[in-house]
Each structure stands twice: as C-alpha cells, then as structure tokens.
Amino acid sequence: MKELLTYIVKNLVTEPDAIAITETSEGDNITFELRVAQADMGRVIGRHGRIAKEIRTLMKAAGSRENKKVTVEICD
C-alpha cells in the first residue's frame, strides 16, 4: 500500500525527491505519515482539502481489500 501512496503523490508534486512516507502498524490499523516539500503542500491538500480527501479514500479502499484500517496523515 505504501507503493500506491507513493505513486499517487509522485504524480501530484513538482519535487518527487522530497517525498517521505512513514508507515506505522498496530494490529489491523496502518497509519501513513506523508511529508512533502513546503511548495508542494498545496498540491497534495488541494482546494478545500479535496485532493487529500480523495487520497485518503483511495487508501482506505486499498486497505479494506486486505481487511486493514488505513489512515493517511499529511504532516508539514
């Protein structure tokens, strides 16, 4: 699932080398902490948080296929 998140974010940002994703697992819960360059923060969040919401929706759908609860936190 980390590869899916990386693929999605790399296609959104202008500085793909600045992407950092940390994965934390606790039982069936998986938390991804996403960090991007400050200049790309707006691209990842989107207008009114729409893109961030869609990223979270896609990751939850991918997690549900494996019976996992997935959350994505966008850190600055």
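Up top you'll find the structure we're talking about.
### A word on the pairing of strand β2 (residues 29-35)
Then comes step 1: The side-chain alternation of β2 yields one buried face, formed by I30, F32 and L34, and one unburied face, formed by N29, T31, E33 and R35.
Then comes step 2: Looking at chain direction, strand β1 (residues 20-26) and β2 are connected through seven bridges and run antiparallel. Residue pairing across strands places A20 opposite R35, the latter belonging to β2.
Then comes step 3: Sheet topology places β2 next to strand β3 (residues 69-75); seven bridges connect them, and they run parallel. Within the sheet, the bridge partner assigned to L34 lies in β3 and is I74.

### Structural notes on the environment of R35
Then comes step 1: Note that R35 resides in strand β2.
Then comes step 2: When the C-alpha atoms of R35 and I19 are compared, they prove to be 5.8 Å apart, with 16 residues separating the residues in sequence.

### Notes on the sheet that holds β1
Then comes step 1: With mixed pairing, the three strands of this open sheet are ordered in space as β1-β2-β3. The open sheet terminates on both sides in strands that have one partner only, identified here as β1 and β3. Strand-to-strand twist across the sheet, computed as the mean angle between neighbouring axes with direction ignored, equals 20°.
Then comes step 2: Across the face of the sheet, helix α1 (residues 2-10) comes into contact with β1 and β2 while running at roughly 150° to β1.
Then comes step 3: Across the face of the sheet, helix α3 (residues 50-65) comes into contact with β2 and β3 while running at roughly 150° to β3.

Conventions we followed
The residue numbering used here restarts from 1 in each chain and proceeds along that chain's sequence as written. The predicted origin of the model limits local features to residues at a pLDDT of at least 70 and limits the giving and counting of side-chain atom pairs to 80 or more, whereas totals for whole chains, interfaces and linings rest on all residues. Water and hydrogen atoms were dropped before computing side-chain values, which therefore reflect all heavy atoms in the structure. Think of it in three bands: residues with accessible area under 20% of the maximum for their type are buried, residues over 50% are exposed, and the middle band is partly exposed, with areas taken using a 1.4 Å probe on protein chains only. Strands here are runs of E lasting at least two residues and helices are runs of H or I lasting at least four, both read from the DSSP assignment and numbered beginning at the N terminus. For two strands to be treated as a pair, DSSP must find at least two bridges joining them. Fitted lines through C-alpha atoms give the axes, limited to the stretch in contact for helices. The angle between two N-to-C directions lies from 0 to 180 degrees. By the convention used here, residues are in contact when the closest approach between their heavy atoms is within 4.5 Å.

These figures come from the coordinates and say nothing about function on their own.
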